[in-house]
Amino acid sequence: MTHGSGQAPYRSGPTEKCGVVGVALDDRAAARPLYYSLYALQHRGQESAGIVTHDGFQQHDHVAMGLVGDAFDEADIERLNGESGIGHVRYPTAGSVDKSCAQPFTVSFKSGSLALSHNGNLVNADEIRDELAGMGHAFTSDGDTEVIAHDLARNLLEADLVRAVKRTMSRIHGSYSLTIMHDETVLGVRDPEGNRPLCIGELEDGYVLASESAAIDTLDGDLVRDVAPGELVVLHEDGSGFDSYQLVERENTAHCFFEHVYFARPDSVIDDELVYEVRRELGRNLWDESGIDTDVVMPVPDSGRAFASGYAEAAQEAGAGTEFAEGLMKNRYVGRTFIMPTQDERERAVRLKLNPIKSTVEGKTVTLIDDSIVRGTTSTQLVQLLKDCGAEEVHMRIGAPPIVAPCYMGIDMATREELIAANRDVDDIREAIEADSLSYLSIDAVADALNRSRADLCLGCVTGEYPYDIEGEATDREVERPVIDGQDLAADD
Ligand code: SF4
């Protein structure tokens, strides 16, 4: 992902990757519920959107660049026949930014059709692609989703659906939540570490799989549960239920803690925790660890809002006079990505996005709460902005530990060189952003708010030690990537 000069998309924070969905209904077209679900998951990807359905005879697909509302019109939805289907919103994380990588990815082969939607990032896609290319598989994109599709298609020639998925899972290494459609059967698969979210919902006339429960709410459905790490869920074609297969078991999970901190919608429940409540708890923990009694505490919208409300509540319980205030207003029409040709203009970008309410800031001591600091550009600008508006002091509190290393699991986090915390301690960062004080949340406080042990979280970007075997990086557990040597894996079933 580019962040340098030229007409590169500029992103001020970490960028979420993708959202996936799958639906099987009884006697109702799947396209419209899929379309609404993608709307609910739009925050997870704005680059492309797509739906593939199956009507019992053939696949129908529509995949286009842009936001969900722009990618489909009424005629497109009408054309997508069939009572089962899968969908995808994408922000590119592996592969190039063009339509060849937009999803769902479809492939036809001897024993039927296959469509795949992927959220996450494989660490060993190149090894598998090389092996399959050597066997004659022709690839049309450089994305890792096509690698999964080809591997699964190949395994389906020799094995039934469940064994084929199991074989593919034994070969791919990395982060993946998948919705898959094999002919008209919809499946959901979550990687053995449960890095990215995936949940099951029940509708009046069927079942749905989605990255986040907010999509199930949008369809008036009920959240049944999360797909377990290493589990395969197969939706019944008639919408009457689903079958579950626990295909891989691991001692520990590696949930991405950033889902709760930043990426997911606050109204989603992920791995049994309501995101909004976790953020409030993170805010409370922030007060406990590094609270400072200022006149006001204000969030950097949107995700900072729940942190600041928890922080203010804990401050008041402790007898501090700190009041919650909405002091920064967001321009809703500036997306997460916009073009900023020069560094100078990028530095001004924050004014396009956020504007202070002078009266809530002037003459006040302010605590500003954000979910993370990536490059530090936004924080520097915000501190300056508040001081220009008359803030007497600006103290920054961050609802996550310092980001010291990149993400290889599908989040656009920036490179080590770009990360302000990669080579600086907290005081150096405070100086760089010109705040009066700066504190981050500890890893233990994050684990506490998530009700998980550290060993069950991915903490790669804040520790530099990853739950996957990534070339040139350290691991935080005993883990080895599978050996891809071209041998037939049938014997391992
Ligand atoms: S490295 Fe960070 S952003 Fe990436 S999956 Fe792990 S916790 Fe999430």
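The structure we're discussing is the one just above.
The following paragraphs examine the structure supplied in this document. (Residues numbered from 1 in each chain as written. Predicted model: local features only at pLDDT ≥ 70, side-chain atom pairs only at ≥ 80, totals over all residues. Heavy atoms only, no water.)

1. Remarks on the packing of helix α4 (residues 125–134) against helix α5 (residues 144–156)
Item 1. Between α4 and α5, whose axes approach to 9 Å, the crossing angle comes to 50°. By the angle between their directions, the pair α4 and α5 is classed as oblique. Both α4 and α5 take part in a crossing whose hand is left-handed. Facing Ala125, Ile128, Arg129, Glu131 and Leu132 of α4, the residues of α5 in contact are Asp144, Val147, His150, Asp151 and Arg154.
Item 2. In terms of residue class, the contact of α4 with α5 is built from four nonpolar, one polar and five charged. (Axes fitted to C-alpha atoms, helices over the stretch in contact; angles between N-to-C directions. Helix = DSSP H or I, 4+ residues; strand = E, 2+ residues; numbered from the N terminus. Parallel < 35°, antiparallel > 145°, perpendicular 65-115°, else oblique. Left-handed = near helix turned anticlockwise from the far one by under 90°. Contact = heavy atoms within 4.5 Å. Nonpolar A, V, L, I, M, F, W, Y, C, P; charged D, E, K, R; others polar.)

2. Some details on the nonpolar core
Item 1. Counting residues in hydrophobic clusters, the biggest one holds 37 residues, and the most contacted among them are Phe257, Phe258, Val261, Leu282, Ile369, Ile403 and Cys461.
Item 2. Looking at this core, the elements that each hand over two or more residues are α8 (257–263), α9 (275–290), α10 (304–317), α15 (443–449) and α16 (460–463).
Item 3. The biggest single contributor to this core is α10, with six residues.
Item 4. Discounting chain neighbours no more than four positions away, the residues touching Cys461 are Phe257, Phe258, Pro402, Ile403, Val404, Ala405, Pro406, Met413 and Tyr466. (Core = buried A, V, L, I, M, F, W, Y, C linked by side-chain atoms within 4.5 Å. Buried < 20%, exposed > 50% of the residue type's maximum accessible area, 1.4 Å probe, protein only.)

3. Observations concerning the environment of Arg90
Item 1. Relative to the helices and strands, Arg90 is located in strand β5 (residues 84–90).
Item 2. Taking the relative accessible area as the measure of exposure, Arg90 reaches 4% and is therefore buried.
Item 3. For the pair Arg90 and Leu178, spaced 88 residues apart in sequence, the C-alpha to C-alpha distance is 13 Å.

4. Comments concerning the site of the ligand
Item 1. By nearness alone, every residue bordering the ligand is listed as Asn195, Arg196, Cys256, Phe257, Cys407, Met409, Ile411, Met413, Cys458, Gly460 and Cys461.
Item 2. Counted by class, the shell around the ligand contains eight nonpolar, two polar and one charged residues. (Near = heavy atom within 4 Å.)

5. Looking at the sheet that holds strand β23 (residues 365–370)
Item 1. The strand order across the open sheet formed by five strands is β19-β18-β23-β24-β25, and the pairing between neighbours is parallel. Lying at the two open borders of the sheet, with one neighbouring strand each, are β19 (323–324) and β25 (437–440).
Item 2. The sheet strands contacting α10 are β18 (296–299), β19, β23 and β24 (393–398), and the helix crosses β18 at an angle near 160°.
Item 3. Its contacts with the sheet put helix α14 (residues 426–433) on β24 and β25, and the angle it makes with β25 is roughly 130°. (Pairing = 2+ DSSP bridges.)

6. So, α14
Item 1. You can read the cap of α14 off the contacts: a side-chain oxygen lies 3.2 Å from the backbone nitrogen of Asp427, and it is on Asp425.
Item 2. Immediately beyond the C-terminal end of α14, within one or two residues, lies Glu434, with a positive phi of roughly 60°. (Polar contact = N/O pair within 3.5 Å; in protein donor to acceptor, adjacent residues only side chain to side chain.)

7. Observations concerning the sheet that holds strand β10 (residues 199–203)
Item 1. Spatially, seven strands are ordered β4-β3-β5-β2-β11-β10-β12 in an open sheet, and the strand pairing comes out antiparallel. Of all the strands in the sheet, the pair left with one neighbour each is β4 (59–65) and β12 (222–226). Taken pair by pair, the neighbouring strands of this sheet meet at an average axis angle of 15°, ignoring direction.
Item 2. Docked against the sheet, helix α1 (residues 31–40) engages β2 (18–25), β3 (48–54) and β5, running at close to 155° with respect to β3.

8. A short note on the pairing of strand β14 (residues 242–246)
Item 1. In this structure, strand β13 (residues 231–235) lies alongside β14, joined through five bridges in antiparallel fashion. Within the sheet, the bridge partner assigned to Leu235 lies in β14 and is Phe242.
Item 2. In this antiparallel pair of consecutive strands, β13 and β14, the connection spans six residues, and Gly239 shows a positive phi of 75°.

9. Regarding the packing of aromatic side chains
Item 1. Tallying each qualifying case throughout the model produces nine aromatic pairs.
Item 2. When the ring of Tyr207 is compared with that of Phe242, the centres are 5.5 Å apart and the planes differ by 70°; the resulting orientation is edge-to-face. Placement of Tyr207 in strand β11 (residues 206–210) and of Phe242 in strand β14 is noted, with a sequence separation of 35 residues between them.
Item 3. Between the aromatic rings of Tyr262 and Phe263, the centroid separation amounts to 5.2 Å while the plane-to-plane angle is 70°, which identifies the pairing as edge-to-face. (Phe/Tyr/Trp six-rings, centres within 6.5 Å; stacked < 30°, edge-to-face > 60°.)

10. Some thoughts on a negative patch on the surface
Item 1. Taken together, the side chains of Asp26, Asp27, Glu83, Glu237 and Asp238 make up a negatively charged region of the molecular surface.
Item 2. On the secondary structure map, Glu83 appears in the loop between α3 (74–79) and β5.
Item 3. Looking at Glu83, the relative accessible area reads 35%, which means it is partly exposed. (Patch = residues over 30% accessible without salt bridge, like charges linked within 9 Å, V, L, I, M, F, W, Y side chains within 5 Å. Areas by Shrake-Rupley, 256 points an atom, 1.4 Å probe, with all protein chains shown as cover. Salt bridge = Lys/Arg side-chain N within 4 Å of Asp/Glu carboxyl O. Lys, Arg positive; Asp, Glu negative; His and termini not counted. Charge placed at Lys NZ, Arg CZ, Asp CG, Glu CD.)

11. Notes on the pattern of salt bridges
Item 1. Counted according to the given criterion, the structure contains 30 salt bridges.
Item 2. Where Arg284 meets Glu317, a salt bridge forms, and the shortest distance between an N and an O atom there is 2.7 Å. Note that Arg284 is positioned in helix α9 and Glu317 in helix α10, a separation of 33 residues in sequence.
Item 3. Note on Glu317: relative accessible area 55%, which makes it exposed.
Item 4. Beyond isolated ion pairs, a larger network of salt bridges with shared partners links Glu277, Arg280, Arg284, Glu313 and Glu317.

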